[in-house]
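# Structural overview for review
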Amino acid sequence: MADEPLVLGIETSCDETGVGIVRGTTLLADAIASSVDEHARYGGVVPEVASRAHLEAMVPTIERALKEAGVSARDLDGIAVTAGPGLAGALLVGVSAAKTYAYALGKPLYGVNHLASHICVDQLEHGRLPEPTMALLVSGGHSSLLLAPDITADVRPMGATIDDAAGEAFDKIARVLQLGFPGGPVIDRLAREGDPSAIAFPRGLTGPRDAPYDFSFSGLKTSVARWIEAKRNAGEEVPVRDVAASFQEAVVDVLTRKAVRACKDEGVDHLMIGGGVAANSRLRALAQERCERAGIRLRVPRPGLCTDNGAMVAALGAEMVARNRPASDWELSADSSLPVTEPHVPGQPHDHQHQHQHDHDHVHEVAKDNLYS
């Protein structure tokens, strides 16, 4: 284990400052500072608030992770950071921090893809990912079906949401039901006491001529909101638990049905589910049921690794180091719409870069002495 790569990962794509430390496929530390309470009063994430929270939390969270892992920053073999996709300002805080630490410590820098990281995190719990892996990523910003023959270099989009992401729909329905933010956990909790077949809400893009692997939750969201509005206008009490259960069932029915179909069509016998909505208990149960029936092995990380975290970034960074992927250069920047087909952002060596390095040699040494003497 000692000769496996030791990597620190930084995740700031949305409202959580995550710092993880991984040695190979072993998780040593997973420190998180969340600003979700600051966004709750607005009913959603406010980018400027998230960026400032990252600034304030970054250094303490990195120090906490190093202490938890029992390692020194000088021991690291590399520093990985989410370069995209995500909120531009939030990403910039993470990228800037990662570049600063990597530069001061003289360590290679790896700008990695947020979605590919969500897939790779499963290695920390269930061992090496089979290749290829089919992944269903479901969160507040993404609902994607991805085929990953090589998590560090070859991730192929099979399908994605054409409008609202699944997690976004959960938040919006929770708002209509006046349940607060974020909506996923509270709807999951209430749905356990409701009847999932009480209300026949629509299943988007499930017709014979619809795109087989794409998702749409906007029509479902509108249908649920109108159903609730009609009840209220008629002066009737809204059966919140039945609404939550029926809405949730409509979402997870479509997600699992399409994911299993993609596995069958591509001849892949493993399905990995990740992203924040993967913490949903009904999604896990229905996916397990359908995968068992289809002879597919289901891999779902524990809930704490499904939501955004630094461990997933460190996991992908460690895989980059292990497979000798090229490091990013110092001109790495945040890309709010970084495509999933780019699992990481490699460096582009050129004369300007070498001149830049030469000009900063002295600054580099001073920074090292100041930070880690």
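Heads up: the structure comes first, above all this text.
None of these values were measured; they are calculated from a predicted model.

### Quick notes on the overall build of the protein chain
Within the protein chain, the secondary structure is distributed over 14 helices and 11 strands. Rg of the C-alpha trace for the protein chain: 21 Å, near the compact-globule value of 21 Å for 373 residues, within the 12% margin. Along the three orthogonal principal directions, the C-alpha set of the protein chain runs to about 75 × 45 × 35 Å. The 373 residues of the protein chain split such that 51% are buried. Accessible surface computed for the protein chain: about 15700 Å², of which carbon and sulfur atoms make up 49%. Across the protein chain, the mean location of the 35 positive side-chain charges is 6 Å away from that of the 50 negative side-chain charges.

### A closer look at the environment of M134
Of note, M134 is situated in strand 6 (residues 133–138). By relative accessible area, which is 0% here, M134 ends up buried. C-alpha of M134 to C-alpha of G84: the two residues are 50 residues apart in sequence and 21 Å apart in space. Leave out the neighbours within four places in its chain, and M134 touches L145, L146, L147, M158, A262, C263, E266, V268, H270, L271 and M272.

### Overview of the sheet that holds strand 2 (residues 16–23)
Taken together, 6 strands build an open sheet; the order of strands is 3-2-1-4-5-11 and the sheet is mixed. Sheet topology places strand 3 (26–34) and strand 11 (344–345) at the edges, where each strand pairs with a single neighbour. Judged from the 5 bridges that link them, strand 4 (residues 78–84) and strand 5 (residues 109–113) form a sheet pairing that is parallel. Pairing of A80 across the sheet is with Y110, part of strand 5. Against the sheet, helix 3 (residues 88–105) engages strand 1 (6–11), strand 4 and strand 5, with an angle of about 160 degrees to strand 4. Across the sheet, helix 12 (residues 310–322) touches strand 1, strand 2, strand 3, strand 4, strand 5 and strand 11, and the angle it forms with strand 1 is around 135 degrees.

### Quick word on the pairing of strand 5
In terms of residue burial, strand 5 counts as a mostly covered element, since 5 of its 5 residues are buried. Residues L109, G111 and N113 point to one face of strand 5 and Y110 and V112 to the other, with burial holding for every one of them.

### What to know about the environment of H114
Along the chain, H114 turns up in helix 4 (residues 114–120). With a relative accessible area of 4%, H114 lands in the buried category. Distance from H114 to L316, taken between C-alpha atoms, is 9.6 Å for residues 202 residues apart in sequence. Within the structure, H114 has its side chain in polar contact with the side chain of S13 (distance 3.3 Å). A distance of 3.3 Å separates polar atoms of two side chains, one belonging to H114 and the other to D308.

### Observations regarding the nonpolar core
Counting 50 residues, the largest nonpolar core has L136, F247, L255, L271 and I273 as its most contacted members. Breaking this core down by element, the ones donating at least two residues are strand 6, strand 7 (143–150), helix 6 (166–176), helix 7 (183–191), helix 8 (218–233), helix 9 (240–266), strand 9 (270–274) and helix 10 (281–294). Considering every element that reaches this core, the biggest residue donor is helix 9, with 13 residues. By size, the runner-up hydrophobic cluster in this structure holds 30 residues, among which are V7, A148, I151 and V155.

### Regarding the packing of aromatic side chains
Inspection of every chain in the model, using the stated rule, returns 4 aromatic pairs. Ring geometry for F215 versus F217: centroids 6.2 Å apart, planes at 10 degrees, classification stacked. By relative accessible area, F215 is classed as buried at 0%.

### What to know about the sheet that holds strand 8 (residues 154–160)
Read from one edge of the open sheet, 5 strands run 8-7-6-9-10, paired in mixed fashion. Of all the strands in the sheet, just strand 8 and strand 10 (297–299) have a single pairing partner and so form its edges. Taken pair by pair, the neighbouring strands of this sheet meet at an average axis angle of 25 degrees, ignoring direction. Both strand 6 and strand 7 contribute to a ladder of 6 bridges, which runs antiparallel.

### Considerations on helix 8
Since there are 3.6 residues in each turn of an α-helix, residues three or four apart along the chain are aligned in direction. An ideal rise of 1.5 Å per residue puts 22 Å on 16 residues; helix 8 measures up with 22 Å between its terminal C-alpha atoms. Among the residues of helix 8, L220, K221, V224 and I228 are the ones counted as buried. The arc that holds every buried residue of helix 8, seen down its axis, measures 105 degrees, which confines them to one face. What points out from helix 8, more than 90 degrees from its buried face, is the exposed set R226 and N233. Contact partners of the buried residues in helix 8: helix 6 and helix 9. Looking one or two residues past helix 8, G235 carries a phi angle of roughly 75 degrees, positive in sign.

What counts and how
- Residues numbered from 1 in each chain as written.
- Predicted model: local features only at pLDDT ≥ 70, side-chain atom pairs only at ≥ 80, totals over all residues.
- Heavy atoms only, no water.
- Helix = DSSP H or I, 4+ residues; strand = E, 2+ residues; numbered from the N terminus.
- Rg over C-alpha atoms; globule rule 2.2 N^0.38 Å.
- Buried < 20%, exposed > 50% of the residue type's maximum accessible area, 1.4 Å probe, protein only.
- Areas by Shrake-Rupley, 256 points an atom, 1.4 Å probe, with all protein chains shown as cover.
- Lys, Arg positive; Asp, Glu negative; His and termini not counted.
- Charge placed at Lys NZ, Arg CZ, Asp CG, Glu CD.
- Contact = heavy atoms within 4.5 Å.
- Pairing = 2+ DSSP bridges.
- Axes fitted to C-alpha atoms, helices over the stretch in contact; angles between N-to-C directions.
- Polar contact = N/O pair within 3.5 Å; in protein donor to acceptor, adjacent residues only side chain to side chain.
- Core = buried A, V, L, I, M, F, W, Y, C linked by side-chain atoms within 4.5 Å.
- Phe/Tyr/Trp six-rings, centres within 6.5 Å; stacked < 30°, edge-to-face > 60°.
- Expected span 1.5 Å × (residues − 1).
- Arc of directions from axis to C-beta.

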